[in-house]
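# Per-entry structural report
Spelled out, the chains give:
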Amino acid sequence: MYTTLLTDLTDHILTVTINRPDKLNALNKTVIAELGEVVSEIYENKEIKSAIITGAGPKAFVAGADISEFLGLSKEQGQALAKKGGDIFLRIAASSKPIVAAVNGFALGGGCELAMACHFRLCNTTARFGQPEVNLGLIPGYGGTQRLTQLVGRGKALELMLTGRMVDPAEALQLGLVNYITEPDELLTKTREILSIINQKAPIAVHHIIECANLATGDGAAVSGDTEWEADPFGGDDAASTADKSSNGFLREREAFGECFATEDMQEGARAFLEKRKPVFKGK
Ligand code: COA
């Protein structure tokens, strides 16, 4: 079905492997288009509760956008390319089902951006992160300037983007770019372990946690219809009273908290706790 992706659905976890190892899994037009399709599959297939994105072969997660497609592009074509990839990455961020990056080898340029669009990241000891676009006279175009700044802070993000240098796993962990470092052959096992825990939680609560966390940074906003992002996460008096509830994280959190009470799963979760048994969640 896909020509550049391998997919495997086991225990409600879809593993998506970007499969162009001879080109270090660089994101050409076909990979980008197929990533868009697989994100739709994750959204729509009820058998999928969460997903992993990883790269084929021992050398790379994704070594960036495919540079061979860059020569001769006009300003408008460059902007269209950024919109196409950027919108797909926003849909990854906006997914109500967790999508986690399992980073093996190089995660450079669009590869680092893809990993950062995921809800969180694990890597193995071979990983190398970086935004080397500046070496090509370019800048990150799939949300990297925003997500790297949000993840590691402005000073560190600027240093990394302006020098284009690579970050090893120990530094990535210290920066908060990844949550765990594993041995090379334990990366997918560890990632699946974490997702198996999340898959047992109430899906509507999982969805609202992702939704509200995204609102803290404006991530996923463009695809959830909140194009008028209110840049006031602390909701000062005026902003809090006038802000659209769907775009202010603090206000949306209150609403979503209440919405959880209207779910069967929340009632089941509280009842199971009081009855000292494991809850059985149905996503209702
Ligand atoms: N786009 C297109 N092709 C790429 C690529 C990219 N982003 N990254 C790697 N490749 C290709 C190489 O051209 C090479 O193809 P070839 O065998 O047909 O010549 C193949 O993948 C292997 O890469 P190679 O450079 O030989 O491997 P290496 O181990 O010597 O170096 C990197 C690895 C990651 C340091 C190096 O490939 C690199 O710098 N890639 C570009 C990273 C980048 O700038 N990304 C941001 C793009 S906006």
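See the structure above.
Just so we're clear, the structure is a prediction, and the values are computed from it rather than from any experiment.

### Digging into the site of the ligand
- Of all residues adjacent to the ligand, which total 16 residues, the nearest are Lys23, Lys59, Ala63, Ala65 and Ile67.
- One of the side-chain nitrogen or oxygen atoms of Lys23 is found 2.4 Å away from an oxygen atom of the ligand.
- Contact between the ligand and Ala63: a nitrogen atom at 3.0 Å from a main-chain N or O atom of the residue.
- Notes on the ligand: free accessible area 870 Å², of which the protein chains cover 60%.

### A word on the packing of aromatic side chains
- Considering all chains together, one arrives at 2 aromatic pairs under this definition.
- Between the aromatic rings of Phe89 and Tyr142, the centroid separation amounts to 5.2 Å while the plane-to-plane angle is 70°, which identifies the pairing as edge-to-face. Linking Phe89 in helix α2 (residues 75-94) with Tyr142 in the loop between β8 (128-130) and α4 (144-152), this pair joins segments that are 53 residues apart in sequence.
- Given the relative accessible area of 0%, Phe89 is considered buried.
- Ring geometry for Phe257 and Phe261: centres 5.2 Å apart, planes at 70°, overall edge-to-face. Of this pair, Phe257 and Phe261 both sit in helix α10 (residues 249-261), separated by 4 residues, roughly a single helical turn.
- On the accessibility criterion, Phe257 (55% relative accessible area) is exposed.
- With a relative accessible area of 43%, Phe261 lands in the partly exposed category.
- Its guanidinium or amino end placed over the ring of Tyr180, Lys190 lies 4.5 Å from that ring's centre, counting from NZ or CZ.

### Examining the packing of helix α8 (residues 203-217) against α10
- As a packed pair, α8 and α10 sit with axes 9 Å apart at the nearest point and diverge in direction by 175°. Regarding the angle of α8 to α10, the classification is roughly antiparallel. Judged by residue contacts, Ala205, His208, Glu211, Cys212 and Leu215 of α8 engage Gly249, Arg252, Glu253, Ala256, Glu259 and Cys260 from α10.
- Residue classes in the contact of α8 with α10 are distributed as 5 nonpolar, 2 polar and 4 charged.

### Quick word on the side chain of Asn124
- Following the sequence through the fold, Asn124 ends up in strand β7 (residues 120-124).
- At a separation of 2.6 Å, a polar atom in the side chain of Asn124 contacts the side chain of Thr126.
- Ignoring any residue separated from it by four or fewer positions in sequence, one finds Asn124 in contact with Val103, Asn104, Gly105, Pro169, Ile181, Thr182, Glu183, Pro184 and Leu187.

### A look at the pattern of salt bridges
- Inspection of every chain in the model, using the stated rule, returns 12 salt bridges.
- A salt bridge links Lys83 to Asp87; the nearest nitrogen and oxygen atoms lie 2.6 Å apart. Pair noted here: Lys83 and Asp87 are both in helix α2, with a separation of 4 residues, about one helical turn.
- On the basis of relative accessible area, Lys83 is assigned to the exposed category, the value being 53%.
- Given the relative accessible area of 29%, Asp87 is considered partly exposed.
- Linking Glu255 and Arg252 is a salt bridge whose minimum nitrogen-to-oxygen distance equals 2.8 Å. Highlighted residues: Glu255 and Arg252, both in helix α10, separated by 3 residues, approximately one helical turn.
- Relative accessible area serves as the criterion here: at 7%, Arg252 is assigned to the buried category.

### Quick word on the packing of helix α1 (residues 29-44) against α2
- Running from amino to carboxyl end, α1 crosses α2 at an angle of 25°, the nearest separation of the two axes being 10 Å. Between α1 and α2, the interaxial angle falls into the category roughly parallel. Between α1 and α2 lies a crossing of left-handed hand. Two secondary-structure elements touch here, α1 through Ile32, Leu35, Gly36, Val39, Ser40 and Tyr43 and α2 through Lys84, Gly85, Ile88, Phe89, Arg91, Ile92 and Ala94.

### Thoughts on the pairing of strand β1 (residues 5-10)
- Both β1 and strand β2 (residues 13-18) contribute to a ladder of 6 bridges, which runs antiparallel. From the neighbouring strand, Leu5 faces β2, where its bridge partner is Ile18.
- Taking the residues that link successive antiparallel strands as the turn, the β1-β2 hairpin has 2 residues, and the phi of Asp11 there is positive, at about 50°.

### Quick word on α2
- The terminal C-alpha atoms of α2 lie 28 Å apart, and with 20 residues this matches the ideal 28 Å at 1.5 Å per residue to within 8%.
- Here α2 has its buried residues at Gly85, Gly86, Ile88, Phe89, Leu90, Ile92 and Ala93.
- Taken together, the buried residues of α2 touch α1, β3 (50-55), β5 (99-103), α3 (110-117), α4 and α8.

Each value, and the rule that gives it
Residues numbered from 1 in each chain as written. Predicted model: local features only at pLDDT ≥ 70, side-chain atom pairs only at ≥ 80, totals over all residues. Heavy atoms only, no water. Near = heavy atom within 4 Å. Polar contact = N/O pair within 3.5 Å; in protein donor to acceptor, adjacent residues only side chain to side chain. Areas by Shrake-Rupley, 256 points an atom, 1.4 Å probe, with all protein chains shown as cover. Phe/Tyr/Trp six-rings, centres within 6.5 Å; stacked < 30°, edge-to-face > 60°. Helix = DSSP H or I, 4+ residues; strand = E, 2+ residues; numbered from the N terminus. Buried < 20%, exposed > 50% of the residue type's maximum accessible area, 1.4 Å probe, protein only. Lys NZ or Arg CZ within 6 Å of the ring centre and 35° of its normal. Axes fitted to C-alpha atoms, helices over the stretch in contact; angles between N-to-C directions. Parallel < 35°, antiparallel > 145°, perpendicular 65-115°, else oblique. Contact = heavy atoms within 4.5 Å. Nonpolar A, V, L, I, M, F, W, Y, C, P; charged D, E, K, R; others polar. Salt bridge = Lys/Arg side-chain N within 4 Å of Asp/Glu carboxyl O. Left-handed = near helix turned anticlockwise from the far one by under 90°. Pairing = 2+ DSSP bridges. Expected span 1.5 Å × (residues − 1).

Treat this as a map of the structure, not an account of what it does.
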